[in-house]
Amino acid sequence: MAIILITGGARSGKSAHAEKRALGFPGQPIYIATAEALDAEMEIRIAKHRRKRKAVDWIEREVPLDLLQALIDTDGGGPRLVDCLTLWLSNMMHAGRDWEHEVTKLAAFMGGQKSPVVFVTNEVGLGIVPDNALARSYRDAAGIMNQFIAAVADEVEFIVVGLPMKLK
Amino acid sequence: MAIILITGGARSGKSAHAEKRALGFPGQPIYIATAEALDAEMEIRIAKHRRKRKAVDWIEREVPLDLLQALIDTDGGGPRLVDCLTLWLSNMMHAGRDWEHEVTKLAAFMGGQKSPVVFVTNEVGLGIVPDNALARSYRDAAGIMNQFIAAVADEVEFIVVGLPMKLK
Amino acid sequence: MAIILITGGARSGKSAHAEKRALGFPGQPIYIATAEALDAEMEIRIAKHRRKRKAVDWIEREVPLDLLQALIDTDGGGPRLVDCLTLWLSNMMHAGRDWEHEVTKLAAFMGGQKSPVVFVTNEVGLGIVPDNALARSYRDAAGIMNQFIAAVADEVEFIVVGLPMKLK
């Protein structure tokens, strides 16, 4: 089944585009949010996201860490929208998980999915090299993760100013 | 009339490309600079820009804030080059203006323009998430603004290493 | 002979793609590393690079500064892979060299090369404007250098999540 990766910068319109792609598949859509409602700024964004999705009856799940399990649990139903991989990566790094292992496992599993998955991710490596080593590690990890998922995806789109460029 | 958005990173060749696009239309071209000659670094850049434009007899205007009014005032003449939207956004934020309202008004107005407008803007959301909240707000605002203008533009080009990719 | 420029963000897969492009040409490939094994983090990366290249018998050279001379010295043999231009630029700036002059000379020389050259470079100008003037200068310099080399290249590819977009 279709595995789609939507990448782009901050506020590039990638989530809106990914929702549209997910809604193009039959079945009740499932929104897998990797964000937890931890801080105010983030809560406001999550709420905004929710309002936008009200017209469609999405099933919503908060999955900060166990993404592969959530995809296994929801397989066979409607299309899944995972928003977003970079936040999942950040959660794993904060929790001390072996992110490279988890990403590899996730990628390896995608071939067998019966329901579509639309992944949203962020491009974070096109600015100046960050000063601190942690930010550099995260930036490198995000690039590696994105390449892994892109390699197993059937379609990859890069969104700039709300407009998609087809990479695959 | 043609509304064109040229986006790209720092020193990607987007201004040079935008000038070329503007000069492709008949009539005396109008350069609308959103930068003010406030500090040395900026002055040098503005001066450089001026020298580059000497071969053509541009009408030059400095418009740090009231961009829509400047476009209304200059409509019906030659093509307008607005360089750049992100600096205009930054000026509005510093001046405490309601940038979201101003951007919405600008976008809504573009449909009725008789003379072409070529907008230059910057991609600023493809690096690591900035540490401070102000930079994050600016980054988000720039992404939102760029999407608004792209939505009403007839053509959108993304410039990397001086070479355009057609997005729309 | 073919001059190819491969650009992209951090960990975008640009080096792997550039190696593949270089190996598409006949003759023993020459790897010109602009990195010096100065610090631990960098050493680990260089070592990783080396392991990846073991299957092919590359000639390896470390050229932190005198890139044009290295290209002159190796011309007439196999394809050259230069990884990467942005590190070379950084080395020149630290050493107080006139980078603009060196880049101009390098670009001017590319027309006469008998063996192919594949250049790897980085996009660093698509994030928020850096706070400090040095980072801003570097960012501007990288953009200018990339445009110079792109202008004389026969092919330019922009890599995102491991996937190439053809710019030229």
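Residues numbered from 1 in each chain as written. Chains lettered and ligands numbered in written order. Predicted model: local features only at pLDDT ≥ 70, side-chain atom pairs only at ≥ 80, totals over all residues. Heavy atoms only, no water.

*Asks:* When you look at the overall build of chain A in this model, what are you seeing that I'm missing?
*Replies:* The number of helices and strands found in chain A is 6 helices and 7 strands. Along the chain direction, N to C, the helices and strands of chain A fall in the order β-α-β-α-β-α-β-α-α-β-α-β-β. The buried share of chain A, reckoned over its 168 residues, is 56%. The contacts of chain A with a sequence gap of at least 6 include a subset with a gap of at least 24, amounting to 75%. In the form shown here, chain A has an accessible surface area of approximately 7,200 Å², with 55% of it arising from carbon and sulfur atoms. (Helix = DSSP H or I, 4+ residues; strand = E, 2+ residues; numbered from the N terminus. Buried < 20%, exposed > 50% of the residue type's maximum accessible area, 1.4 Å probe, protein only. Contact = heavy atoms within 4.5 Å. Areas by Shrake-Rupley, 256 points an atom, 1.4 Å probe, with all protein chains shown as cover.)

*Asks:* Where do I start with the packing of aromatic side chains in this structure?
*Replies:* Two numbers describe a pair of aromatic rings. These are the distance of the centres and the angle of the planes. In the structure shown here, the tally under the stated rule is 6 aromatic pairs over all chains. Aromatic pair A:Tyr31 and A:Trp58: ring centres 5.9 Å apart, planes at 90°, arrangement edge-to-face. With a gap of 27 residues between them, A:Tyr31 in strand β2 (residues 30-33) and A:Trp58 in the loop between α2 (40-53) and β3 (59-62) connect regions that are remote in the sequence. Exposure class is identical for A:Tyr31 and A:Trp58. Each is buried. Connected via pairs of aromatic rings, a cluster forms that spans A:Phe158, B:Phe158 and C:Phe158. (Phe/Tyr/Trp six-rings, centres within 6.5 Å; stacked < 30°, edge-to-face > 60°.)

*Asks:* Help me understand the relation of the copies chain A and chain C, please; the structure alone is not making it clear to me.
*Replies:* Each of the two copies of the chain can be brought onto the other by a rotation about an axis and a shift along it. Mapping chain A onto chain C leaves a residual RMSD of 0.0 Å; the transformation is a rotation of 120° accompanied by 0.0 Å of translation along its axis. The transformation just described matches what one would write down for a three-fold rotation axis. Relative to the rotation axis, the C-alpha of A:Gly127 is the closest in chain A, positioned 2.4 Å from it. (Least-squares fit on C-alpha atoms with pLDDT ≥ 70 in both.)

*Asks:* Honestly, the packing of helix α3 (residues 67-74) of chain B against helix α5 (residues 99-109) of chain B in this entry has me stumped. Any pointers?
*Replies:* Packed helix pairs are specified by the crossing angle of their axes together with the interaxial distance, meaning the distance between the axes. Residues and elements named next belong to chain B. It is the contact of α3 with α5, at a shortest axis distance of 9 Å, that shows an interaxial angle of 20°. One finds that α3 runs roughly parallel with respect to α5. Across from Leu67, Leu68, Leu71 and Ile72 in α3, the residues of α5 making contact are Lys105, Leu106 and Phe109. (Axes fitted to C-alpha atoms, helices over the stretch in contact; angles between N-to-C directions. Parallel < 35°, antiparallel > 145°, perpendicular 65-115°, else oblique.)

*Asks:* Please explain the interface of chain A and chain C as it appears in this structure.
*Replies:* Often, the extent of an interface is quoted as the loss of accessible area upon association of its parts. Contacts between chain A and chain C engage 19 residues on the former and 23 residues on the latter. The largest contributions to the chain A side of the interface with chain C come from A:Leu126, A:Ile128 and A:Leu167, which together make up 38% of the buried area. Between chain A and chain C we count 5 residue pairs in polar contact (both at pLDDT 80 or more) in total. For the side of chain A that touches chain C, the secondary-structure elements that each account for two or more residues are α6 (133-152) and β6 (155-160) of chain A. (Buried area = accessible area lost by both parts, 1.4 Å probe. Polar contact = N/O pair within 3.5 Å; in protein donor to acceptor, adjacent residues only side chain to side chain.)

*Asks:* I tried to follow the interface of chain B and chain A on my own but got confused; where do I start?
*Replies:* Between chain B and chain A, the contact holds 19 residues from the first and 22 residues from the second. Buried surface at the junction of chain B and chain A, summed over both partners, amounts to about 1,700 Å²; 67% is from carbon and sulfur atoms. The tally of links from chain B across to chain A stands at 0 salt bridges. Summed over the shared surface of chain B and chain A, the number is 5 residue pairs in polar contact (both at pLDDT 80 or more). For the side of chain B that touches chain A, the secondary-structure elements that each account for two or more residues are α6 (133-152) and β6 (155-160) of chain B. Ranked by residue count, the leading element in the side of chain B that touches chain A is α6(B), at 8 residues. When grouped by side-chain class, the residues that make up the side of chain B that touches chain A number 8 nonpolar, 6 polar and 5 charged. (Salt bridge = Lys/Arg side-chain N within 4 Å of Asp/Glu carboxyl O. Nonpolar A, V, L, I, M, F, W, Y, C, P; charged D, E, K, R; others polar.)

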